[in-house]
Amino acid sequence: MGVVDDAEQPGFITTTLDKLLRWGRSRSMWPVNAGIACCSLEMMTTGAARYDFDRFGIMFRSSPRQADVMIVPGPITKKMAPIVQRVYNQMAEPRWVIAMGSCAISGGTFVDSYNVLPGAETILPVDIYIPGCPPRPEALLYGCLQLKKLISETSTIGSSRKPMYVPPVLPEEWPLELLGEYDALEAGAVWVQPERDSPPVTPLGDAESAPEDEL
Amino acid sequence: MVNFPRKGVEGSTETMLLNVGPQHPSTHGVLHMMCEISGETIVSAKPVIGYLHRGIEKLAESRTWQQDIVLTDRLDYVAQFSNEWAYCRAVERLAGIEVPERAEWLRTLLVEMNRITSHLIWYAGVTMDIGALGTPFIYAWVARERIFDFYEAVTGARVMPNWMRLGGVHTDIDSAMLKEMRDFLERDFPVEVDEYEALLVGNEIVQSRMKGIGVFSAEQLVEWGVTGPALRASGSERDLRKDVPYGVYDRLDFRVCTDDVGDSLARCRVRLAEIRESARMCVQIIDGMPGGDVRAKVSRALKPPVGDVCVRTESPRGELGVLVASDGTTKPLRFRVRSPIFYNLSAMPHMLPNHLLADMLVIFGGIDTSMGEIDR
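I will try to describe carefully the structure that is included in this document. (Residues numbered from 1 in each chain as written. Chains lettered and ligands numbered in written order. Predicted model: local features only at pLDDT ≥ 70, side-chain atom pairs only at ≥ 80, totals over all residues.)

All right, on to the overall build of chain B then. Tallying secondary structure elements over chain B gives 15 helices and eight strands in all. Here chain B has a C-alpha radius of gyration of 21 Å; the compact-globule value for 376 residues is 21 Å, and the two agree. Structurally, chain B occupies a C-alpha span of about 70 × 50 × 35 Å along its principal axes. Across the 376 residues in chain B, those meeting the buried criterion constitute 51%. Counting only contacts in chain B whose residues sit at least 6 apart along the sequence, the fraction spanning at least 24 positions is 71%. (Helix = DSSP H or I, 4+ residues; strand = E, 2+ residues; numbered from the N terminus. Rg over C-alpha atoms; globule rule 2.2 N^0.38 Å. Buried ≥ 20, exposed ≤ 12 C-beta atoms within 10 Å, placed from the backbone. Contact = placed C-beta atoms within 7 Å.)

Let us now look at the overall build of chain A. The number of helices and strands found in chain A is six helices and four strands. Beginning at the N terminus, the succession of helices and strands in chain A can be written as α-α-β-α-β-α-β-α-β-α. Out of the 215 residues in chain A, the part that is buried amounts to 38%. Across chain A, every contact between residues at least 6 apart in sequence was considered, and the portion connecting residues at least 24 apart equals 73%.

The subject of this paragraph is the interface of chain A and chain B. As a measure of interface size, the accessible area lost when the parts come together is often cited. If you look at the interface, chain A gives 29 residues, while chain B gives 24 residues. Of all the secondary-structure elements, those providing two or more residues to the side of chain A that touches chain B are α3 (39-47) and α4 (81-90) of chain A. Ranked by residues supplied to the side of chain A that touches chain B, first place goes to α3(A) with three residues. For the side of chain A that touches chain B, a count of residues per class yields 16 nonpolar, eight polar and five charged. (Nonpolar A, V, L, I, M, F, W, Y, C, P; charged D, E, K, R; others polar.)

Residues and elements named next belong to chain A. Direction vectors running N to C along α3 and helix α6 (residues 137-153) enclose 75°, while the axes themselves pass 9 Å from each other. Taken together, the axes of α3 and α6 lie roughly perpendicular to each other. Listed contacts from α6 to E42, M43, T45 and T46 of α3 are P137, L140 and L141. Looking at the contact of α3 with α6 residue by residue, the classes come out as four nonpolar, two polar and one charged. (Axes fitted to C-alpha atoms, helices over the stretch in contact; angles between N-to-C directions. Parallel < 35°, antiparallel > 145°, perpendicular 65-115°, else oblique.)

So, on to the pairing of strand β6 (residues 307-315) of chain B. Residue and element names in this part refer to chain B. Two elements, β6 and strand β7 (residues 318-326), share nine bridges in a ladder whose sense is antiparallel. Paired with V309 across the strands is V324, a residue of β7. Two successive antiparallel strands, β6 and β7, enclose a turn made up of two residues. (Pairing = 2+ DSSP bridges.)

A few words on the sheet that holds strand β1 (residues 31-32) of chain A. Residue and element names in this part refer to chain A. In spatial order, the strands read β1-β2-β3-β4; together these four strands make up an open sheet with parallel pairing. Pairing within the sheet leaves two strands with one partner each, and these edge strands are β1 and β4 (128-130). Taken together, the two bridges between β1 and strand β2 (residues 69-72) define a ladder with parallel strand orientation. The partner of V32 across the bridge, within β2, is M70. Taken strand by strand, α6 contacts β2, β3 (96-100) and β4, and its axis lies near 170° from that of β4.

To continue, consider the nonpolar core. A:M70, A:V72, A:I98, A:A99 and A:M100 are the most contacted members of the largest nonpolar core, which has 157 residues in total. With 15 residues, the top contributor of residues to this core is helix α4 (residues 101-129) of chain B. (Core = buried A, V, L, I, M, F, W, Y, C linked by C-beta atoms within 7 Å.)

To continue, consider the environment of A:T154. All names here are of chain A. Inspection of the secondary structure puts T154 in the segment after α6. The partly exposed category is assigned to T154, around which 17 C-beta atoms lie within 10 Å. Sequence separation between T154 and R22 is 132 residues; the distance between their C-alpha atoms is 7.3 Å.

Attention shifts here to the sheet that holds strand β3 (residues 41-48) of chain B. Residue and element names in this part refer to chain B. Read across the sheet, three strands follow the order β1-β2-β3 without closing on themselves; strand pairing throughout is antiparallel. Every interior strand has two partners, whereas the edge strands, β1 (16-20) and β3, have only one. The mean inter-strand angle of the sheet, taken between neighbouring strand axes irrespective of direction, is 25°. Judged from the five bridges that link them, β1 and strand β2 (residues 32-38) form a sheet pairing that is antiparallel. Bridge assignment links N19 to a residue of β2, and that residue is M34.

All names here are of chain B. Mapping V261 onto the fold places it in the loop between α10 (240-243) and α11 (264-287). On the basis of neighbour counts, which here come to 16 C-beta atoms within 10 Å, the residue V261 falls in the partly exposed class. Placed 45 residues apart in sequence, V261 and F216 show a C-alpha to C-alpha distance of 8.7 Å.

Residue and element names in this part refer to chain A. Its 17 residues place the ends of α6 24 Å apart at the C-alpha level, agreeing with the 24 Å of an ideal helix rising 1.5 Å per residue. Taken residue by residue, α6 has P137, L140, G143, C144, L147, K148 and I151 as its buried positions. On an axial view of α6, the arc spanned by its buried residues comes to 150°, and they lie on one face. Exposed and oriented more than 90 degrees from the buried face of α6 are E138, K149 and E153. Elements in contact with the buried residues of α6: α2 (12-26), α3, β2, β3 and β4. (Expected span 1.5 Å × (residues − 1). Arc of directions from axis to C-beta.)

Residues and elements named next belong to chain B. Two strands pair when backbone bridges link them, and β7 and strand β8 (residues 332-338) are joined in this way by six bridges, in the antiparallel orientation. Directly across from V324, in β8, lies its bridge partner F335. Here β7 folds back onto β8 in antiparallel fashion, the turn holding five residues, of which G328 has a positive phi close to 85°.

All right, on to helix α5 (residues 135-155) of chain B then. Helix length check: α5(B) (21 residues) gives 30 Å between terminal C-alpha atoms against 30 Å at 1.5 Å per residue, within 8%. Of all the bends in α5(B), the greatest measures close to 25° and is centred on B:V142. Residues B:P136, B:F137, B:Y139, B:A140, B:W141, B:A143, B:R144, B:I147, B:F150, B:Y151, B:V154 and B:T155 constitute the buried set of α5(B). Elements in contact with the buried residues of α5(B): α3 of chain A together with α4 and α6 (175-200) of chain B. Just downstream of α5(B) lies B:G156, where phi reads positive at about 90°. (Bend = angle between axes of the 7 residues up to and from the residue.)

Structure (structure tokens):
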């Protein structure tokens, strides 16, 4: 464990190992095969012959223990939320989440439903958002390539390691199971949604004045 | 839950509870099956549903009549056109809207093509459940992608078409596209289906997994409320397209695909025969397609008279019933779906006991579930 303990002040061995890990992880993303709703059809299509996930090293695993990416393909209902979170908690670290489709981003068509969560973000730390209802297979491929870029740029050693807890949102309404030391904050702590890099919003009718190189 | 004798198997001492799902590659979505097993034998089974309940029936009451077509797409996301058509037929009958002749033919065409893609998804799913992890799945997707290209060219979307409107359809299909569809369905597609059939029914492993597994008589299935190909595989000729013709089915020459054996392999044969029959029907529809308008004039603020209407259609999974009730406003008073898979699934506690655990997924694949329509 000497190498990992040394990670606060990274030396040659640590950084080389880190580079190797990032290279390997970004080229063998294995999503967990957890179909929820309509988007899982397009997820299957992307795995089939015409679009072919396998050429990017993306292979579906049925067990969350073998997976490191979770694609959330559909609306998360109140009854499904503990299950989704449990699957996420069963995955080995480091792990990433893709919110596929409008329902997983914000609730989509069912945003005003009494039983649908307003997006996967409320219970999982989402890394990539893919809009569409459902997104085309090309869009899913593009999202996975963006995630590949993100993984290859993210160091997972030492203090830069991403916190892997799950926020306990509204525990009295949705009883969520918390498993493992990184899953939840300590008792009494308040979870604050981490700030995210979001693209600049161009106001309507003011497209000329917006900075060009931002998008 | 149905009360079965706890000691269903001779010589058993104690049983174990096994949960299959909701996250399981073989449950076709988010079904949760609680199985009480004694060794390898199922003593009782109980499906737990509701993991995908999005409240579609309630949401429909807060949207206008036209906007609800978007929600019907998402009911059974494997057979979208069937749901749209059932809803549109109900509202049209309630409001007294005349649908142009060409629109009826176009609707029937797309619904029959939808039956093909839906059965192809069943084909991919059932083979994956019994252990063929790659080949049949990728084969089925070849023909499915070709048909999805047509969907995309006609409706603009691949999975969620939202193509039918009250009083017709949104876009017409031009003759060049119809010819392309006809060429594919008449020339290329039967060759593909031959290959699929040889791969499934001709396979020795598939036969040994499916032959004689889950044999039910037509009387049993009718008693349990099972409809669709699962019922027709037991010898019943119940098919709403023949019994209560709607659309242009009364002007088409087709046969109801049945089988007498009633086991899991018979259900496979019936579905594969239905794929061929649907392709034949599509060719007939394209040949007999009349000209004219595709959409009647319907007010956006449609206010059907007070009353309620229930229609039945034959969806790829069975009898799909839709009830709409109006109180004379622009929004439905009640929208209710009689989902075929819900009734097929509720026969599972009767079907599964005294079968092996490995046969559960074979029987389960035989009724072809889609959780979106069960949970709504």
